[in-house]
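Residue strings, one per chain:
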Amino acid sequence: MTAEERLVFLKDLEGAWPDAQTELHYTTPFTLLVAVVLSAQATDASVNKVTPALFAAAPTPQVMMQLSEEEAGAYIRTIGLWRNKARNIVELSRQLVERHGGEVPDTRDDLEALAGVGRKTANVILSVLFHQPTVPVDTHVFRLANRTGLGRGKTVEAVEKKLEKVIPTRMIRDSHHWLILQGRYVCKARKPECWRCVAANDCLYPDKTDRPEI
DNA sequence: AACTCGGGGCA
DNA sequence: TGCCCAGAGTT
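In what follows, the accompanying structure is described. None of the values given here were measured: they were computed from a predicted structure. (Residues numbered from 1 in each chain as written. Chains lettered and ligands numbered in written order. Predicted model: local features only at pLDDT ≥ 70, side-chain atom pairs only at ≥ 80, totals over all residues. Heavy atoms only, no water.)

### Digging into the overall build of chain A
Alright, step 1. Secondary structure summary: chain A contains 11 helices and zero strands in total.
Alright, step 2. Going residue by residue from the N terminus, the α and β elements of chain A occur as α-α-α-α-α-α-α-α-α-α-α.
Alright, step 3. Restricting to contacts in chain A with at least 6 residues of sequence separation, those with at least 24 account for 57%.
Alright, step 4. Just so you have it, chain A exposes about 11400 Å², and 50% of that area is on carbon and sulfur atoms. (Helix = DSSP H or I, 4+ residues; strand = E, 2+ residues; numbered from the N terminus. Contact = heavy atoms within 4.5 Å. Areas by Shrake-Rupley, 256 points an atom, 1.4 Å probe, with all protein chains shown as cover.)

Given below as structure tokens:
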């Protein structure tokens, strides 16, 4: 694909997934960080169900760090891994206050040193909050990038670097949901719906599927 | 690299 | 019902 075609590819993704489009709800850098931490291995919809009450009770790290793990856990019992996440968001809040004056740090090292924050979450924050050209690569984006050839690589880091070169810098910030939703709902792990994919012509995936007969 | 956490979504 | 996660941490 040429750079121009890639641009069209990314823009076309916007209409390529079904109604299931969701987005994490947040109002501040801190609540975004917590929401992303909670979203690991969970859907945005399930996270959005618990964050209003959680953020109403603890809108800042200064307040959230004072919650016990049990108190924090009571807000998020409906999402998976909630025990780990309750511990992480309380600890993460304390770390923000102690290390960064209650602010969300803007470097990869500082972010990944926080409880519950790994590479993917750090990339979300760096990109969305600080406009750095990083691409969060989850399992869906990893699969999509390797199948289509948009960014092939054996490791997440390798795929990341490829995508960062391939995607125009000014579009990276908005490309996250497109890539993830495209991977989740079109370029699915099983039974991909290749007839809906705007990259099907360039795709290297050997078992491309056709639209089923109605 | 393999294992664990876990309620939800989906077949 | 069983399988697989919009990952991160530990071994």
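### Description of the nonpolar core
Alright, step 1. Grouped together as the largest cluster of nonpolar side chains are 35 residues, with contacts concentrated most on Leu33, Val34, Ile89 and Leu92.
Alright, step 2. Those elements that provide at least two residues to this core are helix 2 (29–38), helix 3 (44–57), helix 6 (82–100) and helix 8 (119–128).
Alright, step 3. At eight residues, helix 2 tops the list of elements feeding residues into this core. (Core = buried A, V, L, I, M, F, W, Y, C linked by side-chain atoms within 4.5 Å. Buried < 20%, exposed > 50% of the residue type's maximum accessible area, 1.4 Å probe, protein only.)

### Points about unusual backbone geometry
For residues other than glycine, phi is negative in most cases, and the peptide bonds are mostly trans.
Alright, step 1. Residue His131 is not a glycine yet carries a positive backbone phi of 55°.
Alright, step 2. For His131, the location among the structural elements is in the loop between helix 8 and helix 9 (139–148).
Alright, step 3. Judged by relative accessible area, His131 falls into the exposed class, the value being 57%.

### Structural notes on the packing of aromatic side chains
Alright, step 1. In the structure shown here, the tally under the stated rule is zero aromatic pairs.
Alright, step 2. Geometry around Tyr205 places Arg147 over its ring, the cationic atom sitting 4.2 Å from the centre.
Alright, step 3. Arg184 extends its terminal NZ or CZ atom over the ring of Tyr185, reaching a point 5.5 Å from the ring centre. (Phe/Tyr/Trp six-rings, centres within 6.5 Å; stacked < 30°, edge-to-face > 60°. Lys NZ or Arg CZ within 6 Å of the ring centre and 35° of its normal.)

### Regarding the protein's contact with DNA strand C
Alright, step 1. As a structural note, the neighbourhood of DNA strand C is formed by 22 residues, with Gln41, Asp44, Thr121, His140 and Ile180 the closest of them.
Alright, step 2. Across the atoms of DNA strand C situated within 4 Å of the protein, the share located in sugar and phosphate is 62%.
Alright, step 3. Interatomic distance of 2.8 Å between a backbone N/O atom of Gly116 and a phosphate oxygen of DNA strand C.
Alright, step 4. Within the contact set of DNA strand C, a phosphate oxygen lies 3.4 Å away from a backbone nitrogen or oxygen of Val117.
Alright, step 5. Of all the secondary structure elements, the ones that give two or more residues to the surface near DNA strand C are helix 8, helix 9 and helix 11 (169–186).
Alright, step 6. A per-class count over the surface near DNA strand C returns eight nonpolar, eight polar and six charged. (Near = heavy atom within 4 Å. Polar contact = N/O pair within 3.5 Å; in protein donor to acceptor, adjacent residues only side chain to side chain. Nonpolar A, V, L, I, M, F, W, Y, C, P; charged D, E, K, R; others polar.)

### Examining the protein's contact with DNA strand B
Alright, step 1. Near DNA strand B, the surroundings consist of Gln41, Arg77, Thr78, Ile79, Gly80, Leu81, Trp82, Arg83 and Asn84.
Alright, step 2. Backbone sugar and phosphate groups make up 65% of those atoms of DNA strand B lying within 4 Å of the protein.
Alright, step 3. A distance of 2.8 Å is found between a sugar or linking oxygen of DNA strand B and a backbone nitrogen or oxygen belonging to Thr78.
Alright, step 4. Arg83 places a polar main-chain atom, nitrogen or oxygen, 3.2 Å from a phosphate oxygen of DNA strand B.
Alright, step 5. Looking at side-chain class alone, the surface near DNA strand B contains three nonpolar, four polar and two charged residues.

### Some words on the pattern of salt bridges
Side chains that carry opposite charge are capable of pairing whenever their charged atoms lie near each other.
Alright, step 1. Enumeration according to the criterion identifies six salt bridges in this entry.
Alright, step 2. Residue Arg94 pairs with Glu98 through a salt bridge whose shortest N-O separation is 2.6 Å. Taken as a pair, Arg94 and Glu98 lie in helix 6 at a separation of four residues, close to a single helical turn.
Alright, step 3. We classify Glu98 as exposed; its relative accessible area is 56%.
Alright, step 4. Between Arg196 and Glu193 there is a salt bridge, and its shortest N-O distance comes to 2.8 Å.
Alright, step 5. You can call Arg196 partly exposed: its relative accessible area is 28%. (Salt bridge = Lys/Arg side-chain N within 4 Å of Asp/Glu carboxyl O.)

### Quick word on helix 6
Alright, step 1. Helix length check: helix 6 (19 residues) gives 25 Å between terminal C-alpha atoms against 27 Å at 1.5 Å per residue, within 8%.
Alright, step 2. Among all positions of helix 6, only Trp82, Lys85, Ala86, Asn88, Ile89, Val90, Leu92, Ser93, Gln95, Leu96 and His100 are buried.
Alright, step 3. Looking one or two residues beyond helix 6, the residue adopting positive phi is Gly101, at roughly 60°. (Expected span 1.5 Å × (residues − 1).)

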